[in-house]
Amino acid sequence: VFIELAGMKKIKGVVILRVSPDSAAARAGLRGAKITREGELVPGDIIIAVNGKPVDTVGKFNAALDEYTAGDTIKAGILRVEQSLEVVLTLEPGN
C-alpha cells in the first residue's frame, strides 16, 4: 500500500486501521487510525518490516507472519508520523 500524508513523503507499508483492545498489538503500543470530531482522518502506525524483512502489502505481511507460530516473538518496524520505531510483539492465535 502506498500512502502520502500531508508533509510526508510517499511511504510503502501496511497501514494499521484498528487495534483490538487487549491484543498483542495493543500491548506493544501500536496505534490504529482515528477520525477526529471534525471528521479528519488521523493515520495510525504503518508496518514497514517484520524482523527486518520489508513488507509493503498485506499479502507480504501475512506471508512474513506465516513463518512464525503463536507464542513466537517478532520485531515490527513501524512508522509513526515521521518517526521510525521498532516494537516487539508476542504472536497470538488468530480468530
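Our subject is the structure listed above.
This is a predicted model, so every value here is computed, not measured.

Rules of the game
- Residues numbered from 1 in each chain as written.
- Predicted model: local features only at pLDDT ≥ 70, side-chain atom pairs only at ≥ 80, totals over all residues.
- Heavy atoms only, no water.
- Helix = DSSP H or I, 4+ residues; strand = E, 2+ residues; numbered from the N terminus.
- Buried < 20%, exposed > 50% of the residue type's maximum accessible area, 1.4 Å probe, protein only.
- Contact = heavy atoms within 4.5 Å.
- Core = buried A, V, L, I, M, F, W, Y, C linked by side-chain atoms within 4.5 Å.
- Salt bridge = Lys/Arg side-chain N within 4 Å of Asp/Glu carboxyl O.
- Pairing = 2+ DSSP bridges.
- Polar contact = N/O pair within 3.5 Å; in protein donor to acceptor, adjacent residues only side chain to side chain.

As for the overall build of the chain
When its secondary structure is counted, the chain shows two helices and nine strands. The order of helices and strands in the chain, counted from the N terminus, is β-β-β-α-β-β-β-β-α-β-β. In the chain, which comprises 95 residues, the share counted as buried stands at 33%. Within the chain, contacts between residues separated by at least 24 positions form 43% of all contacts whose residues are at least 6 apart in sequence.

Details of the environment of Val42
By the secondary structure assignment, Val42 is in strand β5 (residues 41-42). You can call Val42 partly exposed: its relative accessible area is 33%. Taking the C-alpha atoms as reference, Val42 lies 9.7 Å from Val81; in sequence the two are 39 residues apart. Once residues lying within four places of it in the same chain are set aside, the contact partners of Val42 are Ala33, Lys34 and Thr36.

Some points on the nonpolar core
Formed by 17 residues in total, the largest nonpolar core has its most connected members in Leu30, Ile47 and Leu89. For this core, the elements supplying multiple residues, two or more each, are α1 (24-27), β6 (46-50), α2 (58-65), β8 (73-80) and β9 (83-90). A total of three residues in this core trace back to one element, the largest contributor, which is β8. Look past the residues within four positions of Leu89 in its chain and what remains in contact with it is Ala24, Ala25, Ala28, Leu30, Asp72, Thr73, Ile74 and Ala76.

Focus on unusual backbone geometry
A positive phi angle is found at Asp22, which is not glycine, with a value near 60°. Mapping Asp22 onto the fold places it in the loop between β3 (14-15) and α1. Among the residues examined, Asp22 registers a relative accessible area of 65% and is labelled exposed.

Some points on the pattern of salt bridges
If the charged atoms of two oppositely charged side chains come close together, the side chains can form a pair. Across all of its chains, the model carries five salt bridges by this definition. Here Asp45 makes a salt bridge to Arg80, at a shortest N to O gap of 2.8 Å. Separated by 35 residues along the polypeptide, Asp45 in the loop between β5 and β6 and Arg80 in strand β8 bring together distant segments of the chain. Exposure class is identical for Asp45 and Arg80. Each is buried.

Concerning the pairing of β9
Each regular strand displays side chains that alternate between the two surfaces of the sheet. Across eight bridges, the pairing between β8 and β9 is antiparallel. Following the sheet pairing, Ile78 is matched in β9 by Leu85.

Describing the side chain of Ser23
Structurally, Ser23 can be placed in the loop between β3 and α1. Reaching out from Ser23, the side chain makes a polar contact with the backbone nitrogen of Ala26 at a distance of 3.1 Å.

Things to note about the pairing of β8
Of all eight residues making up β8, six are buried, and the element is well covered by its neighbours. Between the end of β8 and the start of β9, which pair antiparallel, lie two residues, with Val81 showing a positive phi angle near 60°.

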